[in-house]
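Tertiary structure, described
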Amino acid sequence: MGTTLILGVGNLLLSDEGFGVHVIQRLTQCYRFPEEVQVLDGGTLGLDLLYYLEGVENLILVDAVQSEAEAGSLLRMEGDEVPAFLSLKMSPHQIGVPDMLFAAKLKDLYPRRVLLWGVQPEWLDIGLELSPPVAARVDEVVGEVVRQLEEWGIEAERQ
Amino acid sequence: MHALCSVRAVEDALGIQIPNNARILRNIIEGIQYVQDHVVHFYHLHALDWVDVVSALQADPKATSDLAQSISDWPKSSTDYFATVKAKLEAYVNSGQLGPFANAYWGHPAYKLPPEANLMAVAHYLEALDWQRDVIRAHALLGSKNPHLQTYLVGGMASPIDPNSQSAINADTLARLKDLFGRAREFVEKVYLPDVLAVAPFYLDWAGIGGGVGNFLSYGDFADSNGTPWIPQGYILGKDLSKVYPLDQQQVKEYVTRSWYDTKDEKAGLHPWDGETRPRYTGPKPPYEFLETDQKYTWMKAPRLDEQPMEVGPLARMLVAYANGHQRVQEVVNAVLGTLGVGPEVLFSTLGRTAARCIETVVMAEKLIGWVDELAASMKGGDLKIHAWEGWDPSKWPAEAKGWGHTEAPRGALGHWIHIKDQKIFNYQAVVPSTWNCSPRDANGVSGPYEAALLGTPIADPAKPLEVLRTIHSFDPCMACGVHLLDAQGREILNVAVDSANGFVSPLLKFRGRV
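Residues numbered from 1 in each chain as written. Chains lettered and ligands numbered in written order. Predicted model: local features only at pLDDT ≥ 70, side-chain atom pairs only at ≥ 80, totals over all residues. Heavy atoms only, no water.

Some words on the overall build of chain B
What chain B contains, in helices and strands, is 13 helices and 13 strands. Taken over the C-alpha atoms alone, chain B extends approximately 70 × 60 × 50 Å along its principal axes. Among the 515 residues that make up chain B, the fraction classed as buried is 57%. Looking at chain B as shown, the accessible area adds up to about 20,600 Å², and 54% of this sits on carbon and sulfur atoms. Averaging the coordinates of the 47 positive side-chain charges in chain B and doing the same for the 58 negative ones gives two points 4 Å apart. (Helix = DSSP H or I, 4+ residues; strand = E, 2+ residues; numbered from the N terminus. Buried < 20%, exposed > 50% of the residue type's maximum accessible area, 1.4 Å probe, protein only. Areas by Shrake-Rupley, 256 points an atom, 1.4 Å probe, with all protein chains shown as cover. Lys, Arg positive; Asp, Glu negative; His and termini not counted. Charge placed at Lys NZ, Arg CZ, Asp CG, Glu CD.)

Structural data, given as structure tokens:
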């Protein structure tokens, strides 16, 4: 079993844009993970994150994603759908994550399993707070991530 | 860079002196950021403005190997190596998943490199990805929380130094840093610099394009033990390298005459200590085709020094250092100019900006190793102080204090201005490098560096303004300016448009659909 990276990306200063980072914060507050799991706040970084993909077999991305759905809608994607979808995303920091995934492919660092949990944002204005429909999804995605890890035989310990 | 700048603003306001070790450590962390950012900017953003990736598929690996070996003794240069890179590239082009190679202007007539030079550059693009993964380890070694640096503190640094402790920056850390910086320097000297020197002769016409405002500002940075900045402070006016003017930060003002902000007096600039940021959008409603450039047309303010627009960044720093008699900068600048057979006047251009960034990386990669030695010597001498707590008692602060924190960020002069009143922040303003460079016109109608640099740019095909991107990218704009936004069908909704109606070329953002 290789290592697992849970990567939340987004901009905490742009309300719902920071969803991925909020999920990471909740995960690290509520759970203790075994050593082979990295839980990382990727912020608005792009290619710099390539370093953290070294040796990663399972990648779980958490982010705010723009689709036509209602605010707060959850979206789950896996495999090649993920980079293809992200490269279509409308969000300023997203120049980075598809680049990172593409560079990972070029450098043979691409994880065996790639999974994305996304939420449809409501607010993208300057602000530290999540909108109510998006805030309501943080615990749900935290639960989904933990369940996914369990499915892969990785136990996160509630603290 | 903002973390460092904000800490310096408070230190300046409260008169806090940092320990010598903290000064050296800050220099090291900032220096490695230069080397890393400049290489990544060149290979992963700017190179594709000059390198036609699709043309690389026509390259002969043997001829590519001959070319590579003629410009450098870098070991990755065999025929087999370039054949492997070419095969990999072919596989990706055929897969249709082009990633950052998509949405480019491949086959554009402004691309001038032969296929072999293009293939060599693609190989180095890939190598630079590995290189930056290696270099980034420096941050982990320096004990900062990855990936966001959290080691800066008012009064010094949070990372302890102790040669005998495993949980501090110790002798082993410094040895590993030195090793890492040695590898970083080797790539800069054997790959980055030779590539710039090999590509530049094909684009010498770009030494006459993209000049800009001709005024260059450096806040100075990387203080030595006497407080003298290794990158000097000052400014140059009208491309005149015979005089460096001393900087008085009180002469910095920001105008919002052309910017979407509210102000009492549209014609007056404000010093950042008195600065205001009250957004008020008055532009057209999207979707729209053009900005109203004779009215307010941007979110950027217009910073001015002594009423003059200023270019900031590696070119500004290298010119100020050159004109100031900085020995090592003069040597490397003269060597590069000599190799290309050109004079210093070519520096005032798009190509000059790109060359200056490389020159700065060369001198910084050398200097980094010197700072590690300096820190090692300080530790050996028994000085382990990394932080001064003296300023941490708010009851001892004056009722009111003002400070100016400044750094030379990789992109250029960065300033934070703080006004503290009754132990609280009363006002805070940041003037960032891209604001200087991307500044709109001011109250007097004077353009900023991007606008001035684009005047007179030849455009082969207005539908594919590659030439505009070359000049804008040469400034290393803050990433948000380089974003391509796409709608759900993959159509580009934000692109660079050519405004021929106004008789000049400007980087208008043209919005279609929902943004």
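The structure having been displayed, the exposition proceeds.
Concerning the pairing of strand 8 (residues 302-305) of chain B
Residue and element names in this part refer to chain B. Burial along strand 8 is two-sided: Ala-302 and Arg-304 facing one way and Pro-303 and Leu-305 facing the other are all buried. Sheet analysis places strand 7 (residues 252-255) next to strand 8, joined by 4 bridges and oriented antiparallel. The residue bridging Glu-254 from the neighbouring strand is Pro-303, located in strand 8. (Pairing = 2+ DSSP bridges.)

Concerning unusual backbone geometry
Residue and element names in this part refer to chain B. We note that Phe-222 has phi near 65°; this positive angle belongs to a residue other than glycine. The exposure class assigned to Phe-222 is buried, which follows from its relative accessible area of 1%. With phi around 60°, Asp-476 is a residue other than glycine that occupies positive phi space. The residue Asp-476 is located in the loop between helix 13 (466-474) and strand 12 (494-497) in this model.

Quick word on the sheet that holds strand 9 (residues 400-409) of chain B
Residue and element names in this part refer to chain B. Ordered in space as 9-10-11, the 3 strands form an open sheet in which the pairing is antiparallel. On the outer flanks of this sheet lie strand 9 and strand 11 (424-431), each paired with one strand and no other. In this sheet, neighbouring strand axes are inclined to one another by 15° on average, regardless of whether the strands run parallel or antiparallel. (Axes fitted to C-alpha atoms, helices over the stretch in contact; angles between N-to-C directions.)

Some points on the pattern of salt bridges
All names here are of chain B. Using the criterion set out here, one finds 38 salt bridges over all chains in the structure. Close ionic contact of Lys-190 with Glu-186 constitutes a salt bridge, the shortest N to O distance being 3.5 Å. Placement of the pair is Lys-190 and Glu-186 together in helix 7 (residues 171-199), with a separation of 4 residues, close to one helical turn. Of the residues examined, Glu-186 reaches a relative accessible area of 34% and is grouped as partly exposed. For Asp-393, the salt bridge is made with Lys-396, and the minimal N-O distance between the two is 3.6 Å. The exposure class of Lys-396 is exposed, given its relative accessible area of 66%. (Salt bridge = Lys/Arg side-chain N within 4 Å of Asp/Glu carboxyl O.)

Examining helix 9 (residues 327-340) of chain B
Residue and element names in this part refer to chain B. Taking 1.5 Å of rise per residue, the 14 residues of helix 9 would be expected to cover 20 Å, and the 20 Å separating its terminal C-alpha atoms lies within 8% of that figure. Within the sequence span of helix 9, burial applies to Val-329, Val-332, Val-333, Val-336, Leu-337 and Leu-340. Take helix 9 and look down its axis: the buried residues cluster within an arc of 130°, on one side only. Facing away from the buried side of helix 9 by over 90 degrees, the exposed positions are Gln-327, Gly-338 and Thr-339. (Expected span 1.5 Å × (residues − 1). Arc of directions from axis to C-beta.)

A few points about the layout of surface pockets
Think of a ball as big as a water molecule: rolled over the atoms, this probe shows where empty space is left. Residues and elements named next belong to chain B. Looking at the second largest pocket, its volume works out to about 650 Å³. Surrounding the second largest pocket, 25 residues form its lining, Arg-8, Glu-11, Gln-17, Ile-18 and Ala-223 being those nearest its centre. Those elements that provide at least two residues to the lining of the second largest pocket are helix 1 (2-14), helix 2 (20-46), strand 4 (221-223) and strand 9. Counted by class, the lining of the second largest pocket contains 7 nonpolar, 11 polar and 7 charged residues. (1 Å grid on protein atoms, 1.4 Å probe; cavity = no way out; pocket = protein on both sides within 12 Å on 5 of 7 lines; lining within 4 Å. Points joined across faces, edges and corners; volume = space filled by probe spheres on them. Nonpolar A, V, L, I, M, F, W, Y, C, P; charged D, E, K, R; others polar.)

A few points about helix 13 of chain B
In terms of residue burial, helix 13 of chain B counts as a mostly covered element, since 9 of its 9 residues are buried. Within the span of helix 13 of chain B, buried status applies to Leu-466, Glu-467, Val-468, Leu-469, Arg-470, Thr-471, Ile-472, His-473 and Ser-474 of chain B.

Focus: the confidence of the model for chain A
A residue-level look at chain A finds 93% of positions with pLDDT of 70 or above and a mean pLDDT of 87. Ignoring residues within four places in sequence, the model shows residues 90-94 of chain A, a span with pLDDT below 50, making 19 contacts including any to other chains. (pLDDT = per-residue confidence, 0-100. Contact = heavy atoms within 4.5 Å.)

Points about the environment of Ala-460 of chain B
All names here are of chain B. Relative to the helices and strands, Ala-460 is located in the loop between helix 12 (449-454) and helix 13. In sequence terms Ala-460 and Pro-109 are 351 residues apart; their C-alpha atoms lie 7.3 Å from each other. Setting aside its immediate chain neighbours within four residues, Ala-460 contacts His-108, Pro-109 and Glu-467.

Re the side chain of Glu-11 of chain B
Tracing the backbone shows Glu-11 of chain B in helix 1. Accessibility expressed as a relative area gives 7% for Glu-11 of chain B, which makes it buried.

What about the environment of Leu-67 of chain B?
All names here are of chain B. Positionally, Leu-67 belongs in helix 3 (residues 61-71). What makes Leu-67 partly exposed here is its relative accessible area of 25%. Placed 255 residues apart in sequence, Leu-67 and Tyr-322 show a C-alpha to C-alpha distance of 32 Å. Excluding its chain neighbours within four sequence positions, the residues that come into contact with Leu-67 are Glu-116, Ala-117 and Met-120.

Comments concerning the packing of aromatic side chains
Residue and element names in this part refer to chain B. Going through the model one piece at a time under the given rule, you end up with 27 aromatic pairs over all chains. Ring centres 4.9 Å apart and planes at 65° place the aromatic pair Trp-50 and Tyr-203 in the edge-to-face group. Placement of Trp-50 in the loop between helix 2 and helix 3 and of Tyr-203 in the loop between helix 7 and strand 3 (216-218) is noted, with a sequence separation of 153 residues between them. When its relative accessible area of 1% is taken as the criterion, Tyr-203 is described as buried. For the ring pair Phe-222 and Trp-371, a centre distance of 5.3 Å and an interplane angle of 20° mean the geometry is stacked. Of this pair, Phe-222 sits in strand 4 while Trp-371 sits in helix 10 (residues 350-380), and the two are 149 residues apart along the sequence. Here a set of aromatic residues connected by ring pairs shows up, and it is made of Phe-42, Tyr-43, Trp-74, Trp-131, Phe-187 and Tyr-192. (Phe/Tyr/Trp six-rings, centres within 6.5 Å; stacked < 30°, edge-to-face > 60°.)

Description of the nonpolar core
By size, the foremost hydrophobic cluster in this structure holds 149 residues, and its most contacted members are Leu-7, Leu-59, Leu-61 and Leu-116 of chain A together with Ile-28 and Phe-181 of chain B. The leading source of residues in this core is helix 10 of chain B, at 14 residues. Excluding residues within four positions of it along the chain, Leu-59 of chain A makes contact with Leu-5, Leu-7, Leu-53, Leu-101, Pro-111, Arg-113, Val-114 and Leu-115 of chain A. Grouped together as the second largest cluster of nonpolar side chains are 26 residues, Phe-19, Phe-33, Trp-117 and Ile-154 of chain A included. (Core = buried A, V, L, I, M, F, W, Y, C linked by side-chain atoms within 4.5 Å.)

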